[in-house]
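So the chains spell out like this:
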Amino acid sequence: KVLATHGDTHLGGDDFDAAIAEVLKARILAEHPDRALDTPLASQLLRKTAELIKIDLSRALETGYTLELPGDGLAVHGTFTRQEMDALIAPFVQQTLESCRAALKAAGKSPEDIDDIVMVGGSTRVPYVREQVEAFFGRKPNISINPDEVVAVGAGVQGHLLAGGRRDYVLLDVIPLSLGIETLGGTFSKLITANTTIPAQAEELFTTYVDNQTGVDINIYQGEREFVKDCRNLGRFRLKGLPAMPAGLPKVKVTFLVDTNGILTVSAREERSGQEAQIEVVPSHGLTNDEIEQIMDDAVEHAMDDMTTRQLVEFRNMADAVFRGIDKAWDDAQAILSEEDQHRIRQQMDAVRKQAAAEDPTALKQEMDRLGELTRPLADAIMSKAALQELREFFSTHGGGHEH
């Protein structure tokens, strides 16, 4: 079961080679300043020699090299020590350990909690890498599997499981970023949160905000921010053919399902009419680990501002819905409420409108609550009237025409 995932896809053994190649280049230019070492052929030769030095120093404390430069057959000889290489690659190894720290933090673990560290990739053969890993985790890393083959072995095992092979164990991966849909006002409603184990499923009920809406657009996003403008769009589809109903009456159930292959299927069903639609997307397609990390960092940095703005949008939407309800019931209000009560409700509606134009969600909520208190007698009366009407209809149908 994957608890957390972290890394840098632009960091690896090639960085070690590049650092050694730069030292070789500087050494040659110190002796032969007129040499052209930026040609593709010279760069390739430097890289290849640097890679051989790295491999040799994984087995020995010192190695010699010979560089036969293209052109006039000039050969440059020299030696490289493991100590020199360790100093060059130290910053890259520290970057890797930073990813280890981030993964541990996301999983809620400390280095002492880890039972085994599996080394992956040829560069984990470098003694300095193994030493630093051991120092970080406080235990020797597991080097029993060939580091060049470990990913292929894992992919083979997982492929076998997905194809219906062995059933005695299973890999449970996680979702790197939250998945959800756009809701009114451009807000991001998360259905499946980051680091949820896959396969995963979540569903939520939504409704309409406009009367007689016959279609609903479902916009799917991935990210950690409160507004879709700061998240990544994965796809969109339309739920069509809804019967015309007043706002708030349709019940649209949106279901998110991520399968073991990481494929996301989003479906929408209007519960009253039975209309359905769906789409399939790959949620992490095209995102590097760097981009995922940047998304997470931005979410933390803007969390307070995002939440304040989101509350403001949601309270404004709520205010609009309340205004529509009051307007629809105003004929009843004139029959039920005194002129003074009607005047106070209208005044309070103006106060809510004024506060909705400002930027303080707390103050807007307070004005909304006051409006709620003033309109409670109206709501109670309308509810009683509706209940009485239902009773009358019931008894006229079942009670032989007698009213009670």
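Everything numeric in this text was worked out from a predicted model, so none of it was measured.

J.: Please explain the sheet that holds strand β4 (residues 179-183) as it appears in this structure.
T.: Strand pairs in the sheet, formed through backbone hydrogen bonds, run parallel or antiparallel to each other. Pairing within the open sheet is antiparallel, and its 4 strands lie in the order β5-β4-β8-β9. Each end of this open sheet is capped by a strand with a single partner; those strands are β5 (187-192) and β9 (232-239). Neighbouring strand axes in the sheet, compared pairwise and without regard to direction, differ in orientation by 30° on average. As judged from the 7 bridges shared by strand β8 (residues 216-222) and β9, these two strands associate in the antiparallel manner. Residue pairing across strands places V216 opposite L239, the latter belonging to β9.

J.: Please clarify how the nonpolar core should be interpreted in this entry.
T.: It is characteristic of soluble globular proteins that their nonpolar side chains tend to be buried jointly. Judged by nonpolar contacts, the single largest core of 32 residues is most densely connected at L24 and F80. Elements that contribute at least two residues to this core include exactly α1 (13-31), α2 (40-57), β1 (62-68), β2 (75-81), α3 (82-107) and α4 (127-137). No other element matches α3, which puts 7 residues into this core. Not counting residues up to four positions away in its chain, the partners in contact with F80 are I20, V23, L24, R27, I53, L57, E62, T63, Y65, M85 and L88.

J.: Quick question: what am I supposed to make of the confidence of the model for the chain here?
T.: Where the model shows low pLDDT, its predicted coordinates should not be examined in detail. Predicted confidence across the chain gives a mean pLDDT of 82, with 87% of residues reaching 70 or more. Per-element confidence in the chain ranges from a low mean pLDDT of 67 for helix α6 (residues 289-301) to a high of 96 for α4.

J.: Before we go on, may I ask you to explain the packing of α3 against α4 in this structure?
T.: Remark: α3 packs on α4, axes separated minimally by 9 Å, with the N-to-C direction vectors making an angle of 40°. By the angle class used here, α3 and α4 are oblique. Judged by the twist between their axes, the crossing of α3 over α4 is right-handed. Two secondary-structure elements touch here, α3 through R82, D86, I89, A90, V93, Q94, L97, C100, R101 and L104 and α4 through P127, Y128, V129, Q132, F136 and F137. Residues belonging to the contact of α3 with α4 are distributed by class as follows: 11 nonpolar, 2 polar and 3 charged.

J.: What's the story with the side chain of R82 in this structure? I'm lost.
T.: Tracing the chain through its elements places R82 in helix α3. Contact partners of R82, with chain neighbours within four places excluded, come to L57, S58, R59, A60, L61 and P127.

J.: I keep staring at α1 and nothing clicks. Help me out?
T.: A turn of α-helix holds 3.6 residues, and therefore any two residues three or four places apart point the same way. The terminal C-alpha atoms of α1 lie 28 Å apart, and with 19 residues this matches the ideal 27 Å at 1.5 Å per residue to within 8%. All of the buried residues along α1 are G13, F16, D17, A19, I20, A21, L24, K25 and I28. At its buried positions, α1 is contacted by α2, β1, β2, α3 and α4.

J.: Sorry if this is basic, but what is going on with the pattern of salt bridges here?
T.: Once their charged atoms are close, side chains differing in charge can pair, the charge on each being opposite to the other. Applying the stated criterion across every chain yields a total of 20 salt bridges. Of the charged contacts in the structure, one is a salt bridge between R59 and D56, with a shortest N-O distance of 3.4 Å. The exposed category is assigned to R59, whose relative accessible area is 64%. A relative accessible area of 29% places D56 in the partly exposed class. Among the charged side chains, a salt-bridge network with shared partners connects E203, K253, R269, E271 and E276.

What counts, and at which threshold
- Residues numbered from 1 in each chain as written.
- Predicted model: local features only at pLDDT ≥ 70, side-chain atom pairs only at ≥ 80, totals over all residues.
- Heavy atoms only, no water.
- Pairing = 2+ DSSP bridges.
- Helix = DSSP H or I, 4+ residues; strand = E, 2+ residues; numbered from the N terminus.
- Axes fitted to C-alpha atoms, helices over the stretch in contact; angles between N-to-C directions.
- Core = buried A, V, L, I, M, F, W, Y, C linked by side-chain atoms within 4.5 Å.
- Buried < 20%, exposed > 50% of the residue type's maximum accessible area, 1.4 Å probe, protein only.
- Contact = heavy atoms within 4.5 Å.
- pLDDT = per-residue confidence, 0-100.
- Parallel < 35°, antiparallel > 145°, perpendicular 65-115°, else oblique.
- Left-handed = near helix turned anticlockwise from the far one by under 90°.
- Nonpolar A, V, L, I, M, F, W, Y, C, P; charged D, E, K, R; others polar.
- Expected span 1.5 Å × (residues − 1).
- Salt bridge = Lys/Arg side-chain N within 4 Å of Asp/Glu carboxyl O.

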